Amino acid sequence: MKPLFVTFEGGEGSGKSTLIKHISSWLTEHGLPHLVTREPGGTPFGEKVRDTVLDAGCDKISAKTELLLFLAARLEHVEKVIAPHLEQGCVVLCDRFIDSTVAYQGYGRGEDPARVWALSLEVVPLLPHITFYLDVPIEVGFKRVAHRHQGIDRLEREAFSFHERVREGFFHLARSCPSRISVLDATRAKDSVQADAEKILAKKLGLPYAS
Ligand code: T5A
């Protein structure tokens, strides 16, 4: 088995978790061992960082502190979970990774995106083989998650303009890395988005695909 590291990126409520769940079932149908994980998170330490960094009641922290927290969680995640699974030949499906860091802490928070990119790769020198960027207008994503009971987190609370900068950042990244990042119009019905992702993965994994 050839390892494959696949990441899913997008704004709030763009449908990443829904697509990952579908792709996980699709891989199971094809008998392919895989891991589903997320960032921030994926390890007990990473989940603690997640609780802190997304806690709407958390003290105001600087953009650099926030960046370093995401990177610290990523380092643990890659060393303890992602790299060992890739070494075993697994497909790893990860909800958010380096592109979120550049989009949110770089474009969103106003840290130099090129420096955020370089620092991220210095701390964790690993890039996904394939990234799906699920694009939806900000208001569509927020509307989709508005019914949730647990309330909105610290990043979701940011102004509309912050989320617009993040979206622009994702577009910029997609233009810079066209062979890695596939932009999916995620305003379409779930089955259309899923079919696009399956087609790209089938090609990469050498699986038959009937469109
Ligand atoms: N972050 C993360 C950083 O700032 N820097 C970093 O380095 C990293 C790694 C993570 C936060 O951390 C930040 C970014 C984030 O703000 P999170 O809880 O993971 O927070 O938040 P999200 O990633 O936004 O997760 P969500 O669960 O809110 O959104 P999803 O997973 O994109 O959306 P999903 O699949 O739960 O779908 C939402 C709803 O839409 C429906 C689903 O059924 C669901 O009800 N839906 C669709 N409806 C219509 N059409 C479709 N095509 C649909 N697809 C899904």
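Below, the structure is looked at part by part. (Residues numbered from 1 in each chain as written. Predicted model: local features only at pLDDT ≥ 70, side-chain atom pairs only at ≥ 80, totals over all residues. Heavy atoms only, no water.)

Let's talk about the site of the ligand
Part 1: Lining the immediate surroundings of the ligand are 27 residues, of which Lys 16, Ser 17, Thr 18, Arg 50 and Thr 101 lie closest.
Part 2: Between a nitrogen atom of the ligand and a side-chain N or O atom of Arg 144, the distance comes to 3.3 Å.
Part 3: The separation between an oxygen atom of the ligand and a polar side-chain atom of Arg 148 is 2.9 Å.
Part 4: Relative to its unbound accessible area of 1000 Å², the ligand is 85% covered by the protein chains.
Part 5: The cavity that encloses the ligand is the largest pocket.
Part 6: For the shell around the ligand, the leading source of residues is helix α4 (residues 98-108), giving 4 residues.
Part 7: For the shell around the ligand, the residue count by class is 8 nonpolar, 9 polar and 10 charged. (Near = heavy atom within 4 Å. Polar contact = N/O pair within 3.5 Å; in protein donor to acceptor, adjacent residues only side chain to side chain. Areas by Shrake-Rupley, 256 points an atom, 1.4 Å probe, with all protein chains shown as cover. 1 Å grid on protein atoms, 1.4 Å probe; cavity = no way out; pocket = protein on both sides within 12 Å on 5 of 7 lines; lining within 4 Å. Sits in = over half its atoms within 2 Å of the grid points. Helix = DSSP H or I, 4+ residues; strand = E, 2+ residues; numbered from the N terminus. Nonpolar A, V, L, I, M, F, W, Y, C, P; charged D, E, K, R; others polar.)

Let's talk about the sheet that holds strand β5 (residues 181-185)
Part 1: The strand order across the open sheet formed by 5 strands is β2-β3-β1-β4-β5, and the pairing between neighbours is parallel. The outermost strands of the open sheet, each flanked by one partner alone, are β2 (34-38) and β5. Strand after strand, the sheet turns through a mean of 20 degrees between neighbouring axes, direction not considered.
Part 2: Examined bridge by bridge, β2 and strand β3 (residues 91-95) share 5 bridges and lie parallel to one another. When the bridges of β3 are listed, His 34 appears paired with Val 91.
Part 3: Against the sheet, helix α1 (residues 16-29) engages β1 (4-10), β2, β3, β4 (130-135) and β5, with an angle of about 165 degrees to β3. (Pairing = 2+ DSSP bridges. Axes fitted to C-alpha atoms, helices over the stretch in contact; angles between N-to-C directions. Contact = heavy atoms within 4.5 Å.)

Describing helix α8 (residues 190-205)
Part 1: Between its terminal C-alpha atoms α8 stretches 22 Å, which fits the 22 Å expected from 16 residues at 1.5 Å a residue.
Part 2: Along α8, the residues classified as buried are Val 193, Gln 194, Ala 197, Glu 198, Leu 201 and Ala 202. Taken around the axis of α8, the buried residues stretch over an arc of 160 degrees, which confines them to a single face.
Part 3: Turning to α8, the residues buried within the fold contact β1, α1, β4 and β5. (Expected span 1.5 Å × (residues − 1). Buried < 20%, exposed > 50% of the residue type's maximum accessible area, 1.4 Å probe, protein only. Arc of directions from axis to C-beta.)

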